[in-house]
Amino acid sequence: MKLFEFLVSPAECARRRGPEDRIVTSSRVRLARNLKDLPFPVWAKKPDRLRAMERIRPAVESLPVMKDAYSESIDRLSSLEKQILVERHLISREQAAKGPGSGLVLSRDETISVMINEEDHLRMQALLPGLQLKETWRIMDQFDTRLEEKLPFAFDRKLGYLTACPTNLGTGIRVSAMLHLPGLVLNENMGQIIQSVNKLGLAVRGLYGEGTEAFGNIFQISNQRTLGEDENRIVQRLEKVIGQVIEHEENARATLLERKPKVVLNHIGRAYGILSNAHSISSKETMNLLSLLRLGMDLGLFPGIERVLVDELFLLTQPGHLQLQSTDNLSAEDRDLRRADMLRERLAGVKRPLDRPREGGPA
Amino acid sequence: MLCCICKEKKATVHLTQIVGDSVQKLDMCEECAREKGLDDPTEFALADQVLGLGAAQALEQAASGGEVKCPGCGYTQSDFKKSGRLGCARCYETFYAGLEGLLRSMHADIRHAGKTPRSAAAPSPAATDQHKQLAQQLEQAIAREDYEKAAQLRDEIRALKAREAARLGGKETA
C-alpha cells in the first residue's frame, strides 16, 4: 500500500481529540531497545544492519496490533514521503536520513510507530492526542512486553536496557508532551518556566525535538534521566509538571487579558490580517501567526470557528504537506506563494476577530 | 594569559562551551591542549557535546594504560570519545570503568529500577531466603497458636512478594 493512501488526511489528523488538548497537543512515549547479539546500528557494518532488520521487521509485523500495518524500508521511501512522516512526528529526522537496513512499521491507527535501525535497533513510540501520558505508557509497555517474547533484548540486571547512547540507558524511555504556550511566550515568562522545568531534570525543546526551534509557540517537555527511576515514576513526574505548566499558561492568558488586553488583541488581529491577506509567506511565519490565531479561538474571539481549522492549516502549510498538494516540484519561493494562496482561501470564511473577548469568558 | 592547566606557558587554545546558562571557558597552551586531546576540534567535540564537558577527559583517564578495545565489536575508547555512543551491548562491560562517573552525573542513580524483561526476571536470592525464613516463622507461630504474630508474618510475606513483583516489572498483586 502507498504511504499517502495509508495515512489519514490532515483534516482527520486535526480532528483527533484528547484531554487538555486546548494546551497539550499530543503525548508520546518512546522506548529504545537493542538486540543482544548484534552491534548497535551506528557502528554496525551493512550486513549486520541488514541482519538486524531481517529479524526485527517480521517480529514487529507479527504482533496483533500491527495487523494491516504500514511497513517499509527507509531507502524505498521518496524524500517527500519521509518529509511527510517527519511532519507528522512518525519518524525522526535522523531516521529520514538513513539508508538500507533501516525501516518503519506503523500501526493502522498510526498510534504505534517502530523505527528499525535508527540510533538503536528499535525506537518504538506510542503517540496519542492531548494529555494522556499514563495511557500512552500503558500502550507502549504492553507492546514492548509482547515484542520481548520474540526478540532477545540487550539487558543487564544492573544497568537495565543497553542503548547506543548512555543518556538512554536503563529504561530507554523518553516520555514527552507537546504544549502550545502562546500566553507564557507573550508574557515573557517562558524563560523562567524552562529554567524551573530544567531544574527538575526535564528538558524543554522545540517542535521537532532535540536542537529545534520552538516554532508556533509549541514546546516539547520530556524526561532526561532514564536510569535509576522506574517508568511509572517518570510518567507521574512529567504529568505533574505538565499539569503545573498548563496552569501557568492559563494564568498567563488571564493576566494578559486583564492587564494588557490591547497587546493581546493587537497580536491576534495582526496575525489574522497577515494570514488572510498575504500573497507570500514562509512556513516559520505561518506557524507563529497560526499560533496566535489559535490563541484567539481559545479566547473566544472567533465565534463559530473551530480550532480544528487552525490545527489542520498548521499541518497543511508545512513544506512536505504543501508539496503533496501540488503536481509540480515546488521551490521554496513557490511554496511561500502557494502557502499564502491556501491560507487566503481557507480563511476567507473567517470573520475578523472580535474587538474584545466575549462576555462570560472564552468559548 | 597563562594556560589554565600547566600555569606556565601562554594560552593559545581557547575553548568556550555554553551549557544552559553557564559558560565554561578553558584557556590552554598548545601542549596541554594536545594532551587533553583538544587540538583537533573534531576529535574533541562529540563526546563532550553529547555527554557534557569533561566527558572526554574522564574517558581518557579511565583508559590510561593503553587503548581498550571491545572484544564484542572492536569498538575503541577513542571511537567512544569521538561519537559519544557505544558500539554494542558488551561495550558497557568493556568501558564500564570510564562510564560510571558519567552515568552518575547524567542519571538519577546508576542502578536500573525499571522494567525487566521476563527472560531476565527471576526472584533475587536474597528475597528467596527471606521468604523461606518468614514462611518458617509463620508455621511456628501457627503451631504455638500465636495468631497475632502469624498475621503480622503473613502481611510481611505479602509485602515481600509485592516488592519482588514490582521489581520484576510485573503488576503488584499484594
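Residues numbered from 1 in each chain as written. Chains lettered and ligands numbered in written order. Predicted model: local features only at pLDDT ≥ 70, side-chain atom pairs only at ≥ 80, totals over all residues. Heavy atoms only, no water.

### Re the overall build of chain A
Each helix and strand counted, chain A has 14 helices and 10 strands in total. Expressed as lengths along the three principal axes of its C-alpha atoms, the size of chain A is roughly 65 × 50 × 30 Å. Among the 363 residues that make up chain A, the fraction classed as buried is 58%. In chain A, the share of contacts with a sequence separation of at least 24, taken over all contacts with a separation of at least 6, comes to 72%. Looking at chain A as shown, the accessible area adds up to about 15,700 Å², and 48% of this sits on carbon and sulfur atoms. Averaging the locations of the 53 positively and 49 negatively charged side chains of chain A gives two centres separated by 2 Å. (Helix = DSSP H or I, 4+ residues; strand = E, 2+ residues; numbered from the N terminus. Buried < 20%, exposed > 50% of the residue type's maximum accessible area, 1.4 Å probe, protein only. Contact = heavy atoms within 4.5 Å. Areas by Shrake-Rupley, 256 points an atom, 1.4 Å probe, with all protein chains shown as cover. Lys, Arg positive; Asp, Glu negative; His and termini not counted. Charge placed at Lys NZ, Arg CZ, Asp CG, Glu CD.)

### Looking at the interface of chain B and chain A
Often, the extent of an interface is quoted as the loss of accessible area on bringing the components together. Taken residue by residue, the interface counts 35 residues in chain B and 36 residues in chain A. Interface area lost by chain B to chain A is led by Tyr92(B), His112(B) and Lys115(B), which between them contribute 25%. If you look at where chain B meets chain A, you find 3 salt bridges. Put simply, Asp144(A) and Lys115(B) hold a salt bridge, and the shortest N to O gap is 2.8 Å. Our count for the contact surface shared by chain B and chain A stands at 18 residue pairs in polar contact (both at pLDDT 80 or more). Elements with a minimum of two residues in the side of chain B that touches chain A: α2 (41-51), α4 (77-83) and α6 (96-106) of chain B. In terms of residues, the side of chain B that touches chain A owes the most to one element, α6(B), which gives 4 residues. Of the residues that constitute the side of chain B that touches chain A, the class distribution is 20 nonpolar, 7 polar and 8 charged. (Buried area = accessible area lost by both parts, 1.4 Å probe. Salt bridge = Lys/Arg side-chain N within 4 Å of Asp/Glu carboxyl O. Polar contact = N/O pair within 3.5 Å; in protein donor to acceptor, adjacent residues only side chain to side chain. Nonpolar A, V, L, I, M, F, W, Y, C, P; charged D, E, K, R; others polar.)

### Considerations on the domain arrangement of chain A
Residues and elements named next belong to chain A. For chain A, the domain assignment lists domain 1 (3-253) and domain 2 (260-346). The straight-line distance from the C-alpha centre of domain 1 to that of domain 2 is 27 Å. Contact with domain 1, which involves 27 residues of that partner, is made by 23 residues of domain 2. Where domain 1 touches domain 2, the interface holds 2 salt bridges. Counting across the interface, domain 1 meets domain 2 through 13 residue pairs in polar contact (both at pLDDT 80 or more). If you list the elements that add at least two residues to the side of domain 1 that touches domain 2, you get α2 (10-15), α4 (79-87) and α7 (182-186). Its residues assigned to classes, the side of domain 1 that touches domain 2 shows 13 nonpolar, 6 polar and 8 charged. (Domains from an automatic or database assignment.)

### Let's talk about the pairing of strand β1 (residues 24-33) of chain A
Residue and element names in this part refer to chain A. Buried residues dominate β1, accounting for 9 of its 10 residues. In this structure, β1 lies alongside strand β8 (residues 173-180), joined through 7 bridges in antiparallel fashion. In the sheet register, Leu-31 faces β8, and the bridge partner there is Ile-173. Here β1 pairs with strand β5 (residues 122-129) via 8 bridges, running antiparallel. Bridge pairing in β5 links Ser-27 to Leu-128. (Pairing = 2+ DSSP bridges.)

### A word on helix α6 (residues 133-148) of chain A
A rise of 1.5 Å per residue sets the reference length of α6(A), with its 16 residues, at 22 Å; its end C-alpha atoms lie 22 Å apart and thus fit the reference within 8%. For α6(A), every residue scored as buried is listed here: Leu133(A), Thr136(A), Trp137(A), Ile139(A), Met140(A), Asp141(A), Phe143(A), Asp144(A), Thr145(A), Leu147(A) and Glu148(A). (Expected span 1.5 Å × (residues − 1).)

### Examining helix α9 (residues 231-259) of chain A
Under the 1.5 Å per step criterion, the end-to-end length of α9(A) is 42 Å for 29 residues, consistent within 8% with the ideal 42 Å. Capping the start of α9(A) is the job of one residue whose side-chain oxygen sits 3.2 Å from the backbone nitrogen of Asn232(A): Asp230(A).

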